[in-house]
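Structural features, examined
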Amino acid sequence: SASPLRAFENELGVQAPVGFWDPLGLSKDGNVDTFKRRRATEIKHGRISMLATMGYITPEVTGKFPGYLSPSIELKFSDVPNGLAAISKVPAAGWAQIIAYAFFVEFS
């Protein structure tokens, strides 16, 4: 048929027998620019998820940095737990630095 979804049947990742799979209908209008933006965003989020997973696993496997994360409050790297428990342990100034660096990377 002449469905707008046919515009994406030859894209990378389309496989038989399913073909182009869009269960939520996000691409039903056939807009190629929107499709490419969503695909790029999906790849970006996948990469961030992989980095987050490695950031969780690596300290458990290789150990943590020696020394202090925050000498002013005598907080050692080894005192900071992995995962979400670290949120309450890292000082606000540390989170501000992390967020500032993320903005720098994203917008430069």
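Below is a summary of the structure that appears in this document. The structure displayed is predicted, hence computed values, not measured ones.

Looking only at helices and strands, the protein features two helices and two strands. Counting from the amino terminus, helix and strand elements in the protein follow one another as α-β-β-α. Taking 13 Å as the expected radius of gyration for a compact globule of 108 residues, we find that the protein reaches 21 Å, considerably beyond that expectation. Each principal axis of the C-alpha distribution contributes one length, and for the protein these read about 70 × 30 × 20 Å. Put simply, the protein has 108 residues, and 13% of those count as buried. Contacts in the protein between residues at least 24 apart in sequence constitute 19% of all its contacts with a sequence separation of at least 6.

This part covers unusual backbone geometry. In this structure, Glu74 takes a positive phi of about 55° despite not being glycine. Along the chain, Glu74 falls in the loop between strand S1 (68-70) and strand S2 (75-76).

This next bit is on helix H1 (residues 32-62). Over its 31 residues, H1 extends 44 Å from the first C-alpha to the last, a length consistent with the 45 Å expected when each residue adds 1.5 Å. Where H1 begins, the capping side chain belongs to Asn31, and its oxygen is found 2.9 Å from the backbone nitrogen of Asp33. Backbone geometry just downstream of H1 places Gly63 in the positive-phi region, at approximately 95°.

As a further point, take the packing of aromatic side chains. Under the defined criterion, the tally for this structure stands at three aromatic pairs. A centroid spacing of 5.5 Å and a plane angle of 70° characterise the contact between Phe65 and Phe77, whose relative ring orientation is edge-to-face. With a gap of 12 residues between them, Phe65 in the loop between H1 and S1 and Phe77 in the loop between S2 and helix H2 (92-107) connect regions that are remote in the sequence. Each ring, one from Phe103 and one from Phe107, has its centre 5.8 Å from the other, and the planes form 15°; the classification is stacked. Note that Phe103 and Phe107 are positioned in helix H2 at a spacing of four residues, about one turn of the helix. Exposure class is identical for Phe103 and Phe107. Each is exposed.

Looking at where Lys36 falls in the secondary structure, it is placed in helix H1. Residue Lys36 is classed as exposed on the basis of its relative accessible area, which comes to 54%. Separated by 14 residues in the primary sequence, Lys36 and Met50 have C-alpha atoms spaced 21 Å apart.

Rules and cut-offs
Residues numbered from 1 in each chain as written. Predicted model: local features only at pLDDT ≥ 70, side-chain atom pairs only at ≥ 80, totals over all residues. Heavy atoms only, no water. Helix = DSSP H or I, 4+ residues; strand = E, 2+ residues; numbered from the N terminus. Rg over C-alpha atoms; globule rule 2.2 N^0.38 Å. Buried < 20%, exposed > 50% of the residue type's maximum accessible area, 1.4 Å probe, protein only. Contact = heavy atoms within 4.5 Å. Expected span 1.5 Å × (residues − 1). Polar contact = N/O pair within 3.5 Å; in protein donor to acceptor, adjacent residues only side chain to side chain. Phe/Tyr/Trp six-rings, centres within 6.5 Å; stacked < 30°, edge-to-face > 60°.

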